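Architecture and fold: a report
Listed below, chain by chain, are the residues.
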Amino acid sequence: MLPSDYPKWQSVYYHFRVWSEKDETGVSILDKVLQKLVKQIRNEDLRRDKTTFGIVDAQSVQNADTAEEKGYDAGKKCPESNATS
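Residues numbered from 1 in each chain as written. Predicted model: local features only at pLDDT ≥ 70, side-chain atom pairs only at ≥ 80, totals over all residues. Heavy atoms only, no water.

Description of the overall build of the protein
The secondary structure content of the protein amounts to three helices and zero strands. Written out in order from the N terminus, the α and β elements of the protein read α-α-α. Relative to its full complement of 85 residues, the protein shows a buried share of 4%. For the protein, the exposed surface amounts to about 8,600 Å²; the carbon and sulfur share of it is 55%. (Helix = DSSP H or I, 4+ residues; strand = E, 2+ residues; numbered from the N terminus. Buried < 20%, exposed > 50% of the residue type's maximum accessible area, 1.4 Å probe, protein only. Areas by Shrake-Rupley, 256 points an atom, 1.4 Å probe, with all protein chains shown as cover.)

So, the confidence of the model for the protein
With 69% of its residues at a pLDDT of 70 or more, the protein shows a mean pLDDT of 82. The least confident element of the protein is helix α3 (residues 67-70), whose mean pLDDT is 58; the most confident is helix α1 (residues 9-20), at 96. (pLDDT = per-residue confidence, 0-100.)

Focus: unusual backbone geometry
Positive phi values are uncommon outside glycine, yet L46 reaches one of about 60°. Here L46 shows up in the loop between α2 (29-44) and α3.

What about the pattern of salt bridges?
Opposite charge on two side chains allows them to pair when their charged atoms are near. If you walk through the whole model with that rule in mind, you get three salt bridges. The residue K32 makes a salt bridge to D23 at a minimum N-O spacing of 3.2 Å. (Salt bridge = Lys/Arg side-chain N within 4 Å of Asp/Glu carboxyl O.)

Comments concerning the side chain of S28
On the secondary structure map, S28 appears in the loop between α1 and α2. Exposure remark for S28: the relative accessible area of 4% places this residue in the buried category. Side-chain polar atoms of S28 contact the backbone nitrogen of D31, separated by 3.1 Å. Other than its neighbours up to four places away in sequence, S28 contacts W19, S20, E21 and K22. (Polar contact = N/O pair within 3.5 Å; in protein donor to acceptor, adjacent residues only side chain to side chain. Contact = heavy atoms within 4.5 Å.)

Regarding the environment of T51
Relative to the assigned elements, T51 resides in the loop between α2 and α3. Taking the C-alpha atoms as reference, T51 lies 9.9 Å from K39; in sequence the two are 12 residues apart.

Some remarks on the side chain of R42
Note on placement: R42 falls in helix α2. There is a polar contact of 2.6 Å between the side chain of R42 and the backbone oxygen of R48. When neighbours within four sequence positions are excluded, R42 is seen to be in contact with R47, R48, D49, K50 and T51.

Now the structure itself:
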């Protein structure tokens, strides 16, 4: 499903496979190119080469069926539950 102006898929796949191979340090050519592009774009935006923090997010899932088996986090009360222990 490559665009018509691309070479044959076998050629594209071959190059992707070669560029994706990890070297002795565990880094591929594609990884190195991505790192350089990110660094260049961050520098153009007058930012440091690497980010200094990260954001982690989690999703709470209602587990009324298994709460007794695995425990219950009182900080994540169900809105329709008004029962107290």
